[in-house]
Amino acid sequence: MNKISKIKSTALIMLCLPFCGGWTSAPNNQADDRYVGGELIATYASETISYVSKQIIEDISTANGAPEYKAVDDMQNGCGAVAGGNIVGFYDKYYENLIPGWASYYSNGMYKKQNSANVSPLLQDLYARMQTNVVAPGVSESEFKNGLQSYVVDHGYTIQYISLGNGNSFDYSAFKTAVSNNQPTVLFVRPSSLYHCQSKDNEDIVTSFNISGNHIMMAFGYYEVKYTLSSGTRTDKYLRVSVGLSGETQAYYKIGSYVDAAYQVKVN
């Protein structure tokens, strides 16, 4: 990735967030899938993993993590705009004025929290460019990609979407390469489970929460952990995601089953 002098830090760093996650099963095919974000389902379930030993195999994210924006109040079905906004905010650190008049990061390279003066107009702009709710509730994959491309091009840059697979063929190895190249990925998913994970002495408490509708979100890292149990072993693998919903901003999403589409996103 070509980086301008505005970059404060380019090294990959290891992050530790209190989250874990899960996937959906394969749905029936639909001609024009819509992504509406849905709501967080308040019912939580938890699993306690008691272990003899625990090894964190990998815990890698893009440099200094990623933005964690969420929809503003008047953006119904706005998950596409929020996922696009997180991508714009991510790249604003490397390319001037993707968010005009505001830097999305601090001098130490960490990303700033969302604000109403700069991030809200960005999300509303993307919401309109993606024609959210115009054809039908939410956005389609093509509306998302065309709207984000329109925004990036109008601000003087180019964007490229590189497929990382769909269905049950998500290319985890290519995703890890994207992270090592400091590039995020956009995920198009079905109603989904994500998880929090709290560590205690010799046990992890994994708590799930669910998204009720088809959703779009940005992935920016991965986490792999191996447990030695009293009987056998267990290895869990997760993507680290900016969820884009109120109340849940970042989480882990488990690798292993169905995803509508996944694209590595390059801006330059």
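Structure shown above.
Within each chain, residues carry numbers counting from 1 in the order of the written sequence. Note on the predicted model: pLDDT of at least 70 is required for a residue's local features to be given, and 80 or more for side-chain atom pairs to be given and counted; whole-chain, interface and lining totals, by contrast, use all residues. Only hydrogens and water are removed before side-chain values are computed, so all heavy atoms of the structure are retained for them.

Description of the overall build of the protein chain
Across its full length, the protein chain carries four helices and eleven strands. For the protein chain, buried positions account for 52% of its 268 residues. When checking whether two residues touch, look at their non-hydrogen atoms; a contact exists if any pair is within 4.5 Å. Intrachain contacts of the protein chain at a sequence separation of at least 6 include 75% that bridge at least 24 residues. For accessible areas, the Shrake-Rupley method is used with a probe of radius 1.4 Å. Any residue's cover is judged against the shown protein chains and nothing else. When the accessible surface of the protein chain is summed, it comes to about 11300 Å², and 46% of that surface belongs to carbon and sulfur atoms. Numbering of helices and strands runs from the N terminus; a helix is a DSSP stretch of H or I covering at least four residues, while a strand is a stretch of E covering at least two. Buried means the residue's accessible area, taken with a 1.4 Å probe over protein chains only, is under 20% of the maximum for its type, while exposed means over 50%, and partly exposed covers the values in between.

With respect to the nonpolar core
Phe144, Leu148, Ile216 and Val267 are the most contacted members of the largest nonpolar core, which has 43 residues in total. Among the elements of the structure, helix H1 (79–92), helix H2 (119–129), helix H3 (141–154), strand E4 (159–163), strand E5 (185–189), strand E8 (215–228) and strand E11 (261–267) are those that each provide at least two residues to this core. The leading source of residues in this core is H1, at eight residues. Apart from residues lying up to four places away in sequence, Val267 is in contact with Tyr91, Tyr95, Leu98, Val152, Tyr157, Thr158 and Ile159. Take the buried residues of types Ala, Val, Leu, Ile, Met, Phe, Trp, Tyr and Cys, join any two whose side-chain atoms come within 4.5 Å, and each joined set is a nonpolar core.

Focus on the side chain of Asn77
Here Asn77 shows up in the loop between strand E3 (53–61) and H1. On the accessibility criterion, Asn77 (19% relative accessible area) is buried. Contacts described as polar in this section are N or O atom pairs within 3.5 Å, which, within protein, must combine one atom able to donate a hydrogen with one able to accept it, while residues neighboring in sequence count only if both atoms come from side chains. Within the local environment of Asn77, its side chain forms a polar contact with the side chain of Asn133, the two groups lying 2.9 Å apart. Ignoring sequence-local partners within four residues, the contact set of Asn77 consists of Tyr35, Val36, Tyr127, Thr132, Asn133, Pro137 and Gly138.

As for H2
An α-helix turns once every 3.6 residues. As a result, residues three or four positions apart point the same way. Of all the residues in H2, the buried ones are Val119, Ser120, Leu122, Leu123, Leu126 and Tyr127. Each buried residue of H2 sits inside an arc of 160° when the element is viewed along its axis, so together they form one side. Against H1 and H3 lie the buried residues of H2. Of all possible arcs, the one meant is that of the directions from the helix axis to the C-beta atoms.

So, the environment of Asn64
Following the sequence through the fold, Asn64 ends up in the loop between E3 and H1. In this structure the C-alpha to C-alpha distance between Asn64 and Asn108, which are 44 residues apart in sequence, comes to 8.7 Å.

Regarding helix H4 (residues 172–180)
Along H4, the residues classified as buried are Tyr172, Phe175, Ala178 and Val179. Buried residues of H4, seen end-on, are gathered within an arc of 110° and therefore sit on one face of the element. Residues of H4 that are buried make contact with E3, E5, E8, strand E9 (233–245) and E11. Backbone nitrogen of Ser173 and a side-chain oxygen of the N-cap are separated by 3.4 Å at the start of H4; the cap is Asp171.

Some points on the pattern of salt bridges
Any Lys or Arg side-chain nitrogen located within 4 Å of an Asp or Glu carboxyl oxygen qualifies as a salt bridge. Under the definition given, this model contains 14 salt bridges. Ionic pairing is found between Arg129 and Asp154, a salt bridge with its closest N-O pair at 2.9 Å. One end of the pair, Arg129, is in helix H2; the other, Asp154, is in helix H3, and 25 residues separate them in sequence. Beyond isolated ion pairs, a larger network of salt bridges with shared partners links Asp33, Arg190 and Asp260.

Re the pairing of E11
Of all seven residues making up E11, six are buried, and the element is well covered by its neighbours. Two strands qualify as a pair provided DSSP detects at least 2 bridges between them. Sheet topology note: the E4/E11 ladder contains five bridges and is antiparallel. Across the sheet, Ser163 pairs through a bridge with Tyr263, a residue of E11. One ladder, built from four bridges, connects E5 with E11; its direction is antiparallel. Its bridge partner being in E11, Leu187 is matched across the sheet by Ala262.

Things to note about the packing of aromatic side chains
Side-chain rings of Phe, Tyr and Trp, where Trp is taken by its six-membered ring, are said to pair if the distance between their centres is within 6.5 Å; with planes under 30 degrees apart they count as stacked, over 60 as edge-to-face, and otherwise as tilted. This model, assessed by the stated rule, comprises 16 aromatic pairs. Between Phe175 and Tyr222, the ring centres sit 6.4 Å apart and the planes meet at 70°, which makes this aromatic pair edge-to-face. Here Phe175, found in helix H4, pairs with Tyr222, found in strand E8; they are 47 residues apart in sequence, far enough to count as distant. Under the relative-accessibility criterion, Phe175 is labelled buried at 0%. Put simply, the rings of Phe90, Tyr91, Tyr94, Tyr95, Tyr111 and Tyr157 touch in pairs and so form one group of aromatic residues. Remark: a charge is flagged as sitting over a ring if the NZ atom of Lys or the CZ atom of Arg is within 6 Å of the ring centre and within 35 degrees of the ring normal. One residue, Lys145, lies across the ring of Tyr263, its end atom 4.1 Å from the ring centre.

Purely geometric numbers; function is a separate question.
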